[in-house]
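Observations on the model geometry
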Amino acid sequence: MASPLVRGTILLSLSGLIARGLGFLQTLVVIRLGGPEAVGLYRMVAPTFWTLLIVTTAGVPYAVARLVAEFDARRRPAAVGRTVRAGLGWVGPAGAAAFLGLALGGPLLGARLWADPRASGVLATLAPAILVMSVSAVVRAFLQGLRRMGSLALAQGVEQAVNTGFVLYRIMTAGPGQCPEELARTLALGVLLGETAGLVVAAGALRARRGGLPDEHPGPWAFRFMAALEDGDIPRRMARLAAPVAAGRVLASLALSLNVLLIPARLRVAGHPVEQATALFGQLSGVALPVAFLPNLFWLALGANLVPSVARLVAAGRQEAVRRQAGRAISAAVVLGIPMSLGLVLLAAPLSARLFGVAEAARLTALVSAGACLIFLRTTSVAILQGLGRPNVPVWTALAALFADSLLVWHLAARPELGIRGAALASLVNFGVGATLNVLAICRLTGLRADLRAWLVQPVQVTAAALVAAAGGARLAAAAGTSATWSLGLAGAVFLAGYALGLRLTGLHEKLGLGSGRAG
């Protein structure tokens, strides 16, 4: 039977894949039937909404998930209840204040911040969702901490299904020639209804757990809430855990803003006109990077499971198990990430041309995809550090990676022979520096030995051998007169079989915990 870590990762991956598919279908139908103007109106207000949501939650969901996992492992159910109530005590009032701010300040933002005054009406429709999403984030963090990934995946799936179903129903029944502002409001209302449905499902799972949250403090809800706030240790620990996560999100937002300013400016120094510099930046940010991040859905799901899993082991004092869990996760990111990266490189041209309609971005997409395994390793290592209760470490490593990225963009993107490829190389260095520093920190904190042979040398050797076998299979298929599609399919099958065989022959499957019945 699969371990909770593997089972939870599969559930969240499938749920995320379905949600993304429904979201893509929704966008496709809206653009085809209503035109891009409605989507543009909605996305005009979305950055403001999501930025305010980050400020409202301020890393509290991570802190709740981490502490719930720890207290549950120590069999302290009352502390679990106080943790969730303390989290709700923060995000509830903050979400209500954000809702009022958006509802009352929408007209002012529409006049001052956005060029289109219709955006303020869309924001007013979307505003209540910030309160719902703030509360939902804490409830889902509770489920994550208890490793109730089935309930979490169900809430995520219901949320997107209700959102997409409502939007498609409204569009189909309204017919052609709809007002773009009304369509944008429909998109915003779909988000609100979907999030509400997801919260109902998550809250139902919360209530189903032993009748709700256990509590040491009898009496009415207000009394219990005040008692929870008076418990000084839990709020202080929540603040220490949440602050670095909030800082990391702010840093990520600043990094994105810096790239928006720096990369086009350095491309203009390289001799590209303004329009061409903007188009090249669009190829990197809108095509190459999204393709490289496509498989990260799986690693985000793994990370969501790693945080409570590692936290439980730390709380139980099982240091050897912590090292084993961290080592397996790092090995998985490398061993499974390399073939994923290779697959993205091979699919760069069709993905760029058919999915995004930008065929000229194929070479840039292939370049960035070659280092996609570094993205997966960074995502995994951040989750391990968060599970260890050290969320401050990824903030500092991200700062170092951002410095290296900006320095290389400044020098490489301005060189005419490199241009946007220099910026792409800088992004790969960013991923690599962040991942490497995170892994070194994990080794230092847990006592894990950095196994370069298993983490780097052997995976590269296995990949090279599998590639040679795949190339041979493709040549044999071509010599037999099969079509290019069949030859490519055969080459892929030979590569996967050869890679799996190589993992077993080198013993790397043991590093992943696949050598026995236990997944650890």
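Right, let's get into the overall build of the chain. Each helix and strand counted, the chain has 22 helices and zero strands in total. When each of the 520 residues of the chain is scored for burial, the buried share is 51%.

Inspection of the secondary structure assignment puts Leu351 in helix H15 (residues 348-355). Sequence-distant contacts of Leu351, defined by excluding residues within four places in its chain, comprise Val291, Leu294, Leu344 and Phe356.

Per the stated rule, a full pass over the model turns up 10 salt bridges. One salt bridge connects Arg66 with Glu70, and the closest N-O pair in it is separated by 3.0 Å. Of this pair, Arg66 and Glu70 are both found in helix H3 (residues 60-73), four residues apart, which corresponds to roughly one turn of the helix. Its relative accessible area of 4% is what places Glu70 among the buried residues. In this structure, Arg185 and Glu181 form a salt bridge, with 3.8 Å as the shortest nitrogen-oxygen distance. Linking Arg185 with Glu181, this pair stays in helix H8 (residues 180-208), spanning four residues, or about one helical turn. Relative accessible area serves as the criterion here: at 22%, Glu181 is assigned to the partly exposed category.

Next up on the list: the confidence of the model for the chain. Averaged over the chain, the pLDDT score is 83; the fraction of residues at 70 or greater is 89%. At the low end of the mean pLDDT range in the chain sits helix H9 (residues 221-230), at 48; at the high end sits helix H17 (residues 372-387), at 94. Confidence over residues 226-230 falls short of pLDDT 50; this stretch has five contacts with residues more than four positions distant or in other chains.

With that settled, the discussion passes to helix H11 (residues 274-292). The end-to-end C-alpha separation of H11 is 26 Å, in line with the 27 Å expected for 19 residues at 1.5 Å each. Maximal helix bending in H11 amounts to about 25°, located at Leu284. Taken together, the buried positions of H11 are occupied by Ala277, Leu280, Phe281, Gln283, Leu284, Val287, Ala288, Leu289, Val291 and Ala292.

The next point concerns the packing of aromatic side chains. Summed over the entire model, instances satisfying the criterion amount to five aromatic pairs. Geometrically, the ring pair formed by Phe293 and Phe431 is edge-to-face, given 5.9 Å between the ring centres and 85° between the ring planes. Taken together, the positions of Phe293 in the loop between H11 and helix H12 (296-315) and Phe431 in helix H19 (residues 420-446) put the pair 138 residues apart, joining distant regions of the chain. On the basis of relative accessible area, Phe293 is assigned to the partly exposed category, the value being 29%. Clustering of aromatic rings is evident, with ring pairs tying together Phe298, Trp299 and Phe376. We note Arg266 situated over the ring of Trp410; from NZ or CZ to the ring centre the distance is 3.8 Å.

Residues spaced three or four apart along an α-helix face the same direction, because each turn holds 3.6 residues. Relative to the 28 Å expected for 20 residues at 1.5 Å per residue, H12 spans 28 Å between its end C-alpha atoms, a close match to the ideal helical length. The largest bend in H12 is about 25°, located at Leu306, with the proline Pro308 one to four residues further on. Extensive coverage of H12 is indicated by the burial of 17 of its 20 residues. Within two residues after H12, Gly317 carries a phi angle of roughly 75°, on the positive side.

Here Thr446 is to be found in helix H19. Note on Thr446: relative accessible area 4%, which makes it buried. A polar atom in the side chain of Thr446 sits 2.7 Å from the backbone oxygen of Ile442. Once you skip the residues sitting within four places of it in the chain, Thr446 turns out to touch Val322, Arg323 and Leu388.

Quick look at the packing of H3 against helix H6 (residues 128-145) now. In a pair of packed helices, the angle between the axes and the distance between the axes together describe the arrangement. Relative to each other, H3 and H6 sit at 30°, their axes nearing to 8 Å. Classified by the interaxial angle, the pair formed by H3 and H6 is roughly parallel. With respect to the hand of their crossing, H3 and H6 are arranged in right-handed fashion. Residues Val60, Pro61, Val64, Ala65, Val68 and Ala69 of H3 touch H6, and the partners they reach there are Ala137, Val138, Ala141, Phe142, Gln144 and Gly145.

For the pair H11 and H19, the least separation of the axes is 10 Å and the interaxial angle reads 40°. It follows from the interaxial angle that H11 and H19 lie oblique. Handedness of the crossing formed by H11 with H19: right-handed. Contacts between H11 and H19 pair Leu280, Phe281, Leu284 and Leu289 from the former with Ile420, Ala423, Ala424 and Phe431 from the latter. Residues that form the contact of H11 with H19 fall into these classes: eight nonpolar, no polar and no charged.

To continue, consider the environment of Ala65. Topologically, Ala65 is positioned in helix H3. Put simply, Ala65 and Ala311 are 246 residues apart on the chain and 9.2 Å apart in space, counted from C-alpha to C-alpha. When sequence neighbours within four positions are dropped, the list of residues in contact with Ala65 reads Ala141, Gln144 and Gly145.

We now examine unusual backbone geometry. Phi angles above zero are rare outside glycine, and Ala58 is one such case at about 50°. Mapping Ala58 onto the fold places it in the loop between helix H2 (36-57) and H3.

Taken together, the side chains of Phe24, Leu28, Leu294, Leu355 and Phe356 present a nonpolar region at the surface, about 430 Å² in accessible area. Residue placement: Leu28 occurs in helix H1 (residues 4-34). On the basis of relative accessible area, Leu28 is assigned to the partly exposed category, the value being 36%.

Each value, and the rule that gives it
Residues numbered from 1 in each chain as written. Predicted model: local features only at pLDDT ≥ 70, side-chain atom pairs only at ≥ 80, totals over all residues. Heavy atoms only, no water. Helix = DSSP H or I, 4+ residues; strand = E, 2+ residues; numbered from the N terminus. Buried < 20%, exposed > 50% of the residue type's maximum accessible area, 1.4 Å probe, protein only. Contact = heavy atoms within 4.5 Å. Salt bridge = Lys/Arg side-chain N within 4 Å of Asp/Glu carboxyl O. pLDDT = per-residue confidence, 0-100. Expected span 1.5 Å × (residues − 1). Bend = angle between axes of the 7 residues up to and from the residue. Phe/Tyr/Trp six-rings, centres within 6.5 Å; stacked < 30°, edge-to-face > 60°. Lys NZ or Arg CZ within 6 Å of the ring centre and 35° of its normal. Polar contact = N/O pair within 3.5 Å; in protein donor to acceptor, adjacent residues only side chain to side chain. Axes fitted to C-alpha atoms, helices over the stretch in contact; angles between N-to-C directions. Parallel < 35°, antiparallel > 145°, perpendicular 65-115°, else oblique. Left-handed = near helix turned anticlockwise from the far one by under 90°. Nonpolar A, V, L, I, M, F, W, Y, C, P; charged D, E, K, R; others polar. Patch = residues over 30% accessible without salt bridge, like charges linked within 9 Å, V, L, I, M, F, W, Y side chains within 5 Å. Areas by Shrake-Rupley, 256 points an atom, 1.4 Å probe, with all protein chains shown as cover.

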